[in-house]
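Structural description and commentary
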Amino acid sequence: MIEPPIDVKTQTASALIADLLRQSGAPCVTSSFQHECVALVHMIIQQRPDIPVLFLETGYHFPETLAYRDKITAQWKLKLINLEAKQSVAGQEAQFGILNQTAPDKCCRLRKVEPLFSGLAHYDTWFTALRREQSPTRANLQEVESFKLPSGKTLKKISPLARWTVKEIWGYLHRHGIEHLSLYDQGYTSIGCKPCTALPVSADDQRSGRWQGKGKLECGIHIQAE
Ligand code: SF4
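Residues numbered from 1 in each chain as written. Predicted model: local features only at pLDDT ≥ 70, side-chain atom pairs only at ≥ 80, totals over all residues.

**So, the overall build of the protein**
Secondary structure summary: the protein contains seven helices and six strands in total. Counted from the first residue to the last, the protein has its helices and strands arranged as α-β-α-β-α-β-α-α-α-β-β-β-α. Classification of the 226 residues of the protein by burial places 36% in the buried group. For the protein, contacts bridging at least 24 residues in sequence account for 71% of all contacts bridging at least 6. (Helix = DSSP H or I, 4+ residues; strand = E, 2+ residues; numbered from the N terminus. Buried ≥ 20, exposed ≤ 12 C-beta atoms within 10 Å, placed from the backbone. Contact = placed C-beta atoms within 7 Å.)

**Some words on the site of the ligand**
In the vicinity of the ligand lie 13 residues, with Pro104, Cys107, Cys108, Cys193 and Cys196 positioned nearest. Class assignment of the residues belonging to the shell around the ligand gives a composition of eight nonpolar, three polar and two charged. (Near = placed C-beta within 6 Å. Nonpolar A, V, L, I, M, F, W, Y, C, P; charged D, E, K, R; others polar.)

**With respect to the environment of Leu40**
If you trace the backbone, Leu40 turns up in helix α2 (residues 35-45). For the pair Leu40 and Leu161, spaced 121 residues apart in sequence, the C-alpha separation works out to 7.5 Å.

**Describing the nonpolar core**
Core analysis: the largest hydrophobic core is formed by 43 residues, its most contacted members being Val29, Leu40 and Ile44. Considering every element that reaches this core, the biggest residue donor is α2, with seven residues. Here Ile44 is in contact with Ile17, Val29, Ile51 and Phe127, once residues within four sequence places are set aside. (Core = buried A, V, L, I, M, F, W, Y, C linked by C-beta atoms within 7 Å.)

**Regarding the sheet that holds strand β4 (residues 125-127)**
Here we have six strands laid out as an open sheet, ordered β3-β2-β1-β4-β6-β5, and mixed in their pairing. Of all strands in the sheet, those bounded by a partner on one side alone are β3 (79-83) and β5 (144-148). Taken over all neighbouring pairs, the strand axes of this sheet differ in orientation by 30 degrees on average, direction set aside. Bridge count between strand β1 (residues 27-30) and β4: three bridges; the pairing is parallel. Looking across to β4, one finds that Pro27 is bridged to Thr125. Together, β1, β2 (52-56) and β4 form the strand contacts of α2, whose direction differs from that of β1 by roughly 155 degrees. (Pairing = 2+ DSSP bridges. Axes fitted to C-alpha atoms, helices over the stretch in contact; angles between N-to-C directions.)

**Considering the environment of Lys9**
Residue position: Lys9 is located in helix α1 (residues 6-23). With 26 residues separating them along the chain, Lys9 and His35 place their C-alpha atoms 17 Å apart. Leave out the neighbours within four places in its chain, and Lys9 touches Pro4, Trp164 and Glu168.

**Topic: the environment of Arg138**
Mapped onto the secondary structure, Arg138 falls in the loop between β4 and β5. Classification of Arg138 as partly exposed rests on a count of 17 C-beta atoms within 10 Å. C-alpha separation for the pair Arg138 and Ser159, spaced 21 residues apart in sequence, amounts to 11 Å. Other than its neighbours up to four places away in sequence, Arg138 contacts Leu130, Arg131 and Arg132.

**Topic: the packing of α2 against helix α7 (residues 166-175)**
For the pair α2 and α7, the least separation of the axes is 9 Å and the interaxial angle reads 50 degrees. By the angle between their directions, the pair α2 and α7 is classed as oblique. The interaxial crossing formed by α2 with α7 has left-handed handedness. Touching His35, Glu36, Val38 and Ala39 of α2 are Ile169, Trp170, Tyr172 and Leu173, all from α7. Classifying every residue of the contact of α2 with α7 by side-chain character gives six nonpolar, one polar and one charged. (Parallel < 35°, antiparallel > 145°, perpendicular 65-115°, else oblique. Left-handed = near helix turned anticlockwise from the far one by under 90°.)

**Focus: the pairing of β2**
Across the five residues that make up β2, a large majority, four, are buried. Of the pairings in the sheet, the one linking β1 to β2 comprises two bridges and is parallel in character. By the bridge assignment, Val29 is partnered in β2 with Val53. Handedness of the crossover joining β1 and β2 through α2: right-handed. As paired strands, β2 and β3 are joined by five bridges and run parallel to one another. Considered in β3, the bridge of Phe55 is made with Asn82. With respect to chirality, the unit in which β2 leads through helix α3 (residues 63-76) into the neighbouring parallel β3 is right-handed. (Right-handed = clockwise from strand over helix to strand, strands pointing away.)

Written out as structure tokens, the structure is:
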């Protein structure tokens, strides 16, 4: 299938955002402040400047990510909401040890999945910057899906950039003069918590630096309740 040009894709994404914002009583967007998240937040705040921007503050981020989050938040006057685990990193490590080495699924559940699902309970529409190209686990991603929380509540999960390539994301940032997270300049292609992020092992797999050697592709926040 021939892909439409980027300006058409941008118009399509903006129209989808407008449509869903009209329908929604309580929208939010999640952002890890990676390039696609920043592009998406930029698109959405053109239409809804005060949309809540949810950030998973796991306590394990790179300092560069936190500094960049704070800079963009201040520049764009974002309504940032940091979602945190019940336990501090120190408390978790004292009780369980270094879970990101011994049991990363549990660590992600405590520090990402549970805080996010609690946070999402306040909203009916969840915008994400997921893209099909990011991972085989995202290859069938649809722009509009429903997402069921463990509580039984169902949200609309909207991924306006589902069909965008990484090149198109960079193009969007450049066109709009948007500064990017400096870690990309060191060769990282997908950036999460520091202990679980390395340089990619394959140029063809943007997420191949995540959870290397831990047999894990996703943190679990995009896996819905059965
Ligand atoms: S990505 Fe790593 S450090 Fe972050 S919550 Fe998951 S296991 Fe823990």
